[in-house]
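# Structural overview for review
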Amino acid sequence: MQQSLQNKAANESSNLKLKANSTTASKSKDGWYVALFLGPSLLLLGIFVFYPMLKTFYLSMFLTNNVGKATTFVGFSNYLSLLKNPAYLSSLGATLIYVLAVSALTVIIGLLLAVAANQQLKGIKIFRTLFSSTMGVSVSVAAIFWLFVFNPSVGVLSQLSTALHLPVINWLTDPTFAMIAIIISTVWMNLGFTFLILFGALQAVPTSLYEAADIAGVSKTTQLFKITIPMISPTMFFVLIVTLIEAFKSFGLIDMMTAGGPNNATNLLVYRIYQDAFLNGNFAQASTESIILTVIIAIFTLIQFKLLGKRVNY
Amino acid sequence: MPMAIELQDITKVYDDGDQPVLSHVNMSVNDGEFFVIVGPSGCGKSTLLRMIAGLISISSGKLFINGTQANDLPPKDRKLSMVFQSYALFPFMNVYDNVAFGLKARKMSEKEVKDRVDHALDMVNLTKFAKRKPRALSGGQRQRVALARAIASDAKVCLMDEPLSNLDAQLRARMRLELRDLQKKLGLTVIYVTHDQVEAMTMADRVMVLHDHKVQQLDTPINIYKNPKNEFVAQFFGTPQINLLSANFSNREFKINNSFSLPVRRQFDDGQYTIGIRPNEFNVEVTQKGSNARTREVSYLGDKTVATAEILDGGQIVRLVLNNQVDIAEDNLIKITGAKQFYVFDSKTGEVLFNEREANLNATITAE
């Protein structure tokens, strides 16, 4: 017994010595391990993220030929000419309108649906499933669905207007209504996710808060603004920022529903980048536009982190 | 005494189940009374409280508040306040705003709100924490904020739903006293729900025991302890728990086994009964001679010794509380000679049939 204890002690002390040695001597060995673990992801990120980013920035400093080879270094003049280009500026303006409308509507409607689905009613589970169902719809399916809805001759909306003796709206051929149409479609696409997240947040609000408010005689509307919204504001803010960033990157619905038209009314930033690069072969301009978009999104992300840090402090 | 709250035949059935959550509850709470509803979890005590508050509907029966029927009155018109187990504080508001929350909804003047909140915070000694957010407070302080909110509402009846169960044991003991003090000082009528029999015993003027969706007993704490109406109530109150032993009655005695029986003066039908003996009511001798039990676990608690013993021949286990450090250890032979007091329960229904102490009292009274 005694002996085994001594042995143990001896073992431990030698272990300690080993450890002491390893900390000083094997820095380089550790480095190898680190490289081994980080290697695969660094490689993948390098090829598919970092290299394209740097290359895009590089291209935005040059003039390019029609296969995307850099020819002449021009510094920031691509940026300057772009910011003076009225077509680009109107595209930027349209994007801002689209992004703000989409994110505001998504959050407001998502909140209303979540509040409605949070009531204890019979059959409410059916609605919960319905409200979150757009999460499972792919962009192409959604585009086709909405094309049918907005179709001027066979569409549901135009038939409804005719039945009610209202003027038929040319949804996808009128510049203003085309924008409204893609805003509606995008909001609809976003609702599933937004609903699910907000509904989850609502369920986490303790019922005793509402019970206390009921007993104190606080009206349901006041409860919504004074209890529900403050309690889930961090989640709402998260959803808002995610929707905002996603809206900046919208491409699929636009491509399939309006292709940027009519008259460039729905030619949003990402779609313009795609057109400039792959239809017009102007890679330098597309790269410049990409960098500007990246900066805009980065600014919004930064705001998110700054504000989120402040809002979640209760 | 005027009745603040009265329940007549209150029953609650949820739509999706035919089994009532509560059936035929009758109770009345006097003005200024501290009324405790106690029972194990799932017995429907919180449901009952929420029905009184108007947070859930009453299936059948009548509820009276201050003499007027209140079954369909919305919660805000019932003139009562409620304190929750989870405190129900708004994490984004400071203490002052939390207390003022309900008052502002009542369109009270700014000054009156301030006066009431200041007074309420003063009552619970939280004046200097008015600007703090709830998360910067301890559990006990948070519960005091919730109390302040009830005080500020100026309601004469306060419903409390396990308000102390989120606190640690020491704090709970202190808050029990504080709560009772406050209730007396303000003349509040309190209906207090708990699963803790100690809380019920120490705080209540009267206790209602709920179990199995029904009222088991409604009485003062001392009466409930001394004269339990059935096995459940006898088991629920008192630590360590009462011993329930099965016994056979014949020849004017309850025979637990060959070496341990309890004689009674009253006649019972021959057959099987359940005998209830509180752990401190046994007469125990530490002796080898004629021993009928063997100790298993023994713990010395200073002023008393708590032990479990196995009755030889039959193997029923009993809990014993012995005074003044009786000199026994584990695995000692002891002799249980009898009990100072015991109860006889119907072995099927669990209803009390005979209460030895009462019987003795009655006997002496008639003898005089």
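Position numbers for residues count from 1 along each chain, tracking the sequence in the order it is written. Lettering for chains starts from A, numbering for ligands starts from 1, and both go in the order in which the items are written. Only residues with pLDDT of 70 or above have their local features reported here, since the model is predicted, and side-chain atom pairs are shown and tallied only from 80 upward, although totals for entire chains, interfaces and linings are computed over all residues. Hydrogens are left out, water is left out, and the side-chain values use all remaining heavy atoms of the structure.

All right, on to the overall build of chain B then. From N to C terminus, chain B includes nine helices and 21 strands. Structurally, chain B occupies a C-alpha span of about 80 × 50 × 45 Å along its principal axes. Buried, partly exposed and exposed residues are distinguished by accessible area as a fraction of the type maximum, computed with a 1.4 Å probe on protein chains only: under 20%, between the cut-offs, and over 50%, respectively. Burial analysis of chain B (368 residues in total) assigns 51% to the buried set. Any two residues whose heavy atoms approach within 4.5 Å are treated as being in contact. Long-range pairs, those at least 24 residues apart, make up 64% of the contacts in chain B between residues at least 6 apart in sequence. Per element, the accessible surface of chain B, about 17,500 Å² overall, is 47% carbon and sulfur. Under the convention used here, Asp and Glu are negative, Lys and Arg are positive, and both His and the chain ends fall outside the count. Note on charges: their place is set at NZ of Lys, CZ of Arg, CG of Asp or CD of Glu. The average position of the 46 basic charges and that of the 44 acidic charges among the side chains of chain B differ by 6 Å. Segments assigned H or I by DSSP are reported as helices when at least four residues long, segments assigned E as strands when at least two residues long, and all are numbered from the N terminus. To measure how exposed things are, a 1.4 Å probe is used in the Shrake-Rupley method; for residues, cover is taken only from the protein chains shown.

Any two rings among Phe, Tyr and Trp, with Trp reduced to its six-membered ring, count as a pair given centres within 6.5 Å; such a pair is stacked if its planes are under 30 degrees apart, edge-to-face if over 60, and tilted if neither. By the definition in use, this model includes 31 aromatic pairs over all chains. Considering the side-chain rings of F195(A) and F199(A), the 5.5 Å spacing of their centres and the 10° angle between planes classify their relative orientation as stacked. Pair noted here: F195(A) and F199(A) are both in helix 8 (residues 175–203), with a separation of four residues, about one helical turn. Comparing F195(A) with F199(A) shows no difference in burial state: the two are buried. Members of the aromatic cluster, each reached through a chain of ring pairs, are F145(A), W146(A), F150(A), W171(A), F177(A) and W188(A). Charges are assigned to positions over rings by a cutoff of 6 Å between ring centre and Lys NZ or Arg CZ, combined with an angular limit of 35 degrees from the ring normal. The ring of Y96(B) is capped by K131(B), whose NZ or CZ atom sits 5.4 Å from the centre of that ring. The ring of Y225(B) carries R278(B) above its face, with NZ or CZ at 4.0 Å from the centroid.

All names here are of chain B. pLDDT is a residue-level measure of predictor confidence that goes from 0 to 100. Mean pLDDT over chain B works out to 88, with 95% of the residues at or above the 70 mark. Residue range residues 361–368 is modelled with pLDDT below 50. Its contacts to residues more than four positions away, or to other chains, number one contact. For this predicted complex, the interface score ipTM comes out at 0.82, alongside a pTM of 0.78.

Let us look at the interface of chain A and chain B. Counting from both sides, the interface comprises 16 residues of chain A and, opposite them, 22 residues of chain B. Salt bridges are identified by distance alone: a Lys or Arg side-chain nitrogen within 4 Å of an Asp or Glu carboxyl oxygen. At the junction of chain A and chain B, the tally comes to one salt bridge. Where E211(A) meets R50(B), a salt bridge forms, and the shortest distance between an N and an O atom there is 2.8 Å. Here a polar contact is taken to be a pair of N or O atoms separated by no more than 3.5 Å, where protein atoms must pair a possible hydrogen donor with a possible acceptor and residues adjacent in sequence count only if both atoms sit in side chains. Our count for the contact surface shared by chain A and chain B stands at two residue pairs in polar contact (both at pLDDT 80 or more). Mapped onto the side of chain A that touches chain B, the elements with two or more residues apiece are helix 9 (207–216) and helix 10 (220–248) of chain A. The greatest single-element share of the side of chain A that touches chain B, amounting to eight residues, is contributed by helix 9 of chain A. Charged residues are taken to be Asp, Glu, Lys and Arg, nonpolar residues to be Ala, Val, Leu, Ile, Met, Phe, Trp, Tyr, Cys and Pro, and polar residues to be all remaining types, Gly included. Taken together, the residues that form the side of chain A that touches chain B break down as 10 nonpolar, three polar and three charged.

Residue and element names in this part refer to chain B. Residues are said to line a cavity or pocket when one of their atoms sits within 4 Å of a point; the points come from a 1 Å grid over protein atoms alone, cavities being sets where a 1.4 Å probe fits but cannot get out and pockets being open sets with protein on both sides within 12 Å along at least five of seven lines. Grid points are joined across faces, edges and corners, and a volume is the space filled by probe spheres set on the points. One pass over the structure, following the stated rule, counts one cavity of 30 Å³ or more. Its volume calculated, the largest cavity comes out at about 40 Å³. Considering the residues around the largest cavity, the lining is formed by L147, A150, I151, C158, M160, L179, L182, Q183, L188 and V190.

This part takes up the sheet that holds strand 21 (residues 352–355) of chain B. Residue and element names in this part refer to chain B. Read from one edge to the other, the open sheet built from six strands follows the order 13-12-11-14-20-21, with strand pairing classed as antiparallel. The sheet is open, and its two borders are formed by strand 13 (260–263) and strand 21, each paired with just one other strand. On average, adjacent strands in this sheet sit at an angle of 35° to one another, irrespective of strand direction. Strand pairing is assigned whenever DSSP identifies at least 2 bridges connecting the two strands. Relative to strand 13, strand 12 (residues 253–257) runs antiparallel, the two sharing four bridges. The residue of strand 13 that forms the bridge with N257 is F260. Note on definitions: angles span 0 to 180 degrees between N-to-C directions of axes, and those axes are lines fitted to C-alpha atoms, for helices only across the stretch in contact.

So, about the domain arrangement of chain A. Residues and elements named next belong to chain A. Taken domain by domain, chain A comprises domain 1 (2–60) and domain 2 (77–311). Regarding the contact of domain 1 and domain 2, the summed buried area is about 450 Å², with carbon and sulfur atoms giving 66% of it. Buried surface area refers to the total accessible area, computed with a probe of radius 1.4 Å, that the two partners give up upon joining, counted for both partners together. By the criterion of area lost to domain 2, the three top residues of domain 1 are T56, L59 and S60, representing 82% of everything that side buries. Linking domain 1 with domain 2 are zero salt bridges. On inspection of domain 1 and its partner domain 2, the count reaches two residue pairs in polar contact (both at pLDDT 80 or more). In terms of residue class, the side of domain 1 that touches domain 2 is made up of two nonpolar, two polar and no charged. Domain delimitation follows an automatic or database domain assignment.

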